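# Descriptive structure summary
Chain by chain, the residues:
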Amino acid sequence: MRAVDQQVGPYGEFEAFVAGAAGRLLHVAVLLTGEPESARRLLAGALARTYANWRRLRADDPYDFTRHELCAAFARTGWRHHGGSGVLARLSPPERLVLVLRLYEGLAEEVTAAQLGMPVERVRVLCNRAVSLLRAREAA
């Protein structure tokens, strides 16, 4: 007889995914929003969309899908998070998105551009501008 708390099947796999990836995804959300409570809400929505699509995602990378959902939700609501606290507070929402994806997540310019739906050159400009703003702050 199986223990009640032991989950098997696809949704048990989802729980294992959340246990392994939620910490890193939460850190991405905090970097984007600058506010822990907003970050938790943003991540909860992204994980809910991942859960809803879980059976279809099992062959793909659920981390990429969830990160994409998280970034898309932030892009739609980024104006709410303008400012906030933290090192990235001075950056605009698009600059934050690009910087977090490029430097924290380590995505290539092409992948970042595809994920955000913008040209590669725009990603390059936003990343350079964000880095310059952060360096100027450091120097001050």
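Predicted, not measured: the structure shown is a model, and the values here were computed from it. (Residues numbered from 1 in each chain as written. Predicted model: local features only at pLDDT ≥ 70, side-chain atom pairs only at ≥ 80, totals over all residues. Heavy atoms only, no water.)

Another aspect to go through is the packing of helix H2 (residues 36-52) against helix H4 (residues 62-77). Two numbers describe how H2 lies on H4: the axes approach to 8 Å, and their chain directions differ by 130°. One finds that H2 runs oblique with respect to H4. In this structure, the crossing between H2 and H4 has a hand that is right-handed. In this structure, H2 contributes Leu-42, Leu-43, Ala-46, Leu-47, Arg-49 and Thr-50 to the contact, and H4 contributes Phe-65, Thr-66, Glu-69, Leu-70, Ala-73, Phe-74, Arg-76 and Thr-77. Tallied by class, residues from the contact of H2 with H4 come to eight nonpolar, three polar and three charged. (Axes fitted to C-alpha atoms, helices over the stretch in contact; angles between N-to-C directions. Helix = DSSP H or I, 4+ residues; strand = E, 2+ residues; numbered from the N terminus. Parallel < 35°, antiparallel > 145°, perpendicular 65-115°, else oblique. Left-handed = near helix turned anticlockwise from the far one by under 90°. Contact = heavy atoms within 4.5 Å. Nonpolar A, V, L, I, M, F, W, Y, C, P; charged D, E, K, R; others polar.)

This structure, assessed with the given rule, holds four aromatic pairs. Geometrically, the ring pair formed by Phe-14 and Tyr-51 is edge-to-face, given 5.0 Å between the ring centres and 65° between the ring planes. Of this pair, Phe-14 sits in helix H1 (residues 10-33) while Tyr-51 sits in helix H2; the two residues are 37 residues apart in sequence, bridging distant segments of the chain. Assessed through its relative accessible area of 10%, Phe-14 is described here as buried. (Phe/Tyr/Trp six-rings, centres within 6.5 Å; stacked < 30°, edge-to-face > 60°. Buried < 20%, exposed > 50% of the residue type's maximum accessible area, 1.4 Å probe, protein only.)

Glancing now at H2. For H2, built from 17 residues, the straight-helix expectation of 24 Å at 1.5 Å per residue is met to within 8% by its first-to-last C-alpha distance of 24 Å. Those residues of H2 that sit buried are Ser-38, Ala-39, Leu-42, Leu-43, Ala-46, Leu-47 and Thr-50. In an axial view of H2, the angular spread of the buried residues amounts to 165°, which keeps them on one side of the axis. In H2, those exposed residues whose orientation departs by more than 90 degrees from the buried face are Arg-41 and Ala-52. (Expected span 1.5 Å × (residues − 1). Arc of directions from axis to C-beta.)

This next bit is on the environment of Leu-47. Positionally, Leu-47 belongs in helix H2. Between the C-alpha atom of Leu-47 and that of Pro-62, which follows or precedes it by 15 residues, the distance is 9.7 Å. Excluding residues that lie within four positions of it along the chain, Leu-47 makes contacts with Phe-14, Phe-17, Val-18 and Thr-66.

When you line up the elements, Arg-41 lands in helix H2. Taking the relative accessible area as the measure of exposure, Arg-41 reaches 53% and is therefore exposed. Residues Arg-41 and Leu-26, 15 residues apart in the sequence, show an inter-C-alpha distance of 9.8 Å.

Within the protein chain, residue pLDDT values average 88, and 89% of them lie at 70 or more. Confidence scores differ between elements of the protein chain, with helix H3 (residues 54-57) showing the lowest mean pLDDT of 87 and H2 the highest of 95. With pLDDT under 50 throughout, residues 1-5 is counted as low confidence; its partners more than four residues away or in other chains account for one contact. (pLDDT = per-residue confidence, 0-100.)

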